[in-house]
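Tertiary structure, described
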Amino acid sequence: MFSIDVKSREPIYTQLEKNIVKYINLGVYEKDSMLPSVRALACELGINPNTVSKTYKKLEADGVIYTIAGKGVFVKGDSSLANVHKQLADKIKATLTDAKNAGVKKDSVLKIVNEVWEAKEID
């Protein structure tokens, strides 16, 4: 289900984090549903278990998932994604401010936004 591009310059843990958040937003993982164990997901993706653990710790710190010792890792629910959405909005604002200060025209930015929004996702 999750896809990792080992040739990407983006760190694997970041790719995995984005995948998990995406599938929660799409409703694939609903509130209180269990995510794969660290070991199972690492084996499935062919990555180091420490990478999966790092991703889960980051998502837990962001309030997206929670862990029950001896039981597993679970999704907190849609409302818990508010923090992630705020962080993304902050990044977008910072990038837009940089673009504006660099002289990029508003029409160019809107064109990019439309291209991204209309692009088909590749999985």
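Parameters at a glance
Sequence order as written defines the numbering, with residues in each chain counted from 1. In keeping with the predicted nature of the model, local features appear solely for residues at pLDDT of at least 70, side-chain atom pairs appear and are counted solely at 80 or more, and the whole-chain, interface and lining totals rest on all residues. Working from all heavy atoms in the structure, the side-chain values ignore hydrogens and water. The way it works is that DSSP assigns letters per residue, a run of H or I at least four long becomes a helix, a run of E at least two long becomes a strand, and they are numbered from the N terminus. Relative accessibility decides the category of a residue: with a 1.4 Å probe and only protein chains considered, values under 20% of the type maximum give buried, values over 50% give exposed, and everything between is partly exposed. In what follows, a contact means two residues having at least one pair of non-hydrogen atoms within 4.5 Å. Each accessible area is a Shrake-Rupley result for a 1.4 Å probe, and residues are judged covered by the shown protein chains and nothing else. Counted as positive: Lys and Arg. Counted as negative: Asp and Glu, with His and the chain ends omitted from the count. The atom standing in for a charge is NZ when the residue is Lys, CZ when it is Arg, CG when it is Asp and CD when it is Glu. Note on pairing: DSSP must find at least two bridges between two strands before they are called paired. Axis definition: a line fitted to C-alpha atoms, limited for helices to the stretch in contact. Angles are taken between N-to-C directions and run from 0 to 180 degrees.

Scanning the protein chain from terminus to terminus reveals 5 helices and 3 strands. Secondary structure elements in the protein chain, listed N-terminal to C-terminal, are α-β-α-α-β-β-α-α. Projected onto its principal axes, the C-alpha coordinates of the protein chain cover approximately 55 × 35 × 25 Å. The 123 residues of the protein chain split such that 31% are buried. The contacts in the protein chain between residues at least 6 apart in sequence include a share of 51% that link residues at least 24 apart. Within the structure as shown, the protein chain displays about 8,800 Å² of accessible surface, and the carbon and sulfur contribution to it stands at 56%. Computed over 19 positive and 16 negative side-chain charges, the separation of the two mean positions in the protein chain equals 4 Å.

Attention now goes to the sheet that holds strand β1 (residues 34–35). Consider a sheet: its strands pair through backbone hydrogen bonds, and that pairing is either parallel or antiparallel. In space, the 3 strands of this open sheet follow the order β1-β3-β2, with antiparallel pairing throughout. Two strands close off the open sheet at either side, each with one partner strand: β1 and β2 (65–68). When β2 meets strand β3 (residues 72–75), the two strands line up antiparallel, connected through 4 bridges. Looking at the pairing, I65 lines up with V75 of β3. Across the sheet, helix α3 (residues 49–61) is in contact with β1, β2 and β3; its angle to β2 comes to roughly 110°.

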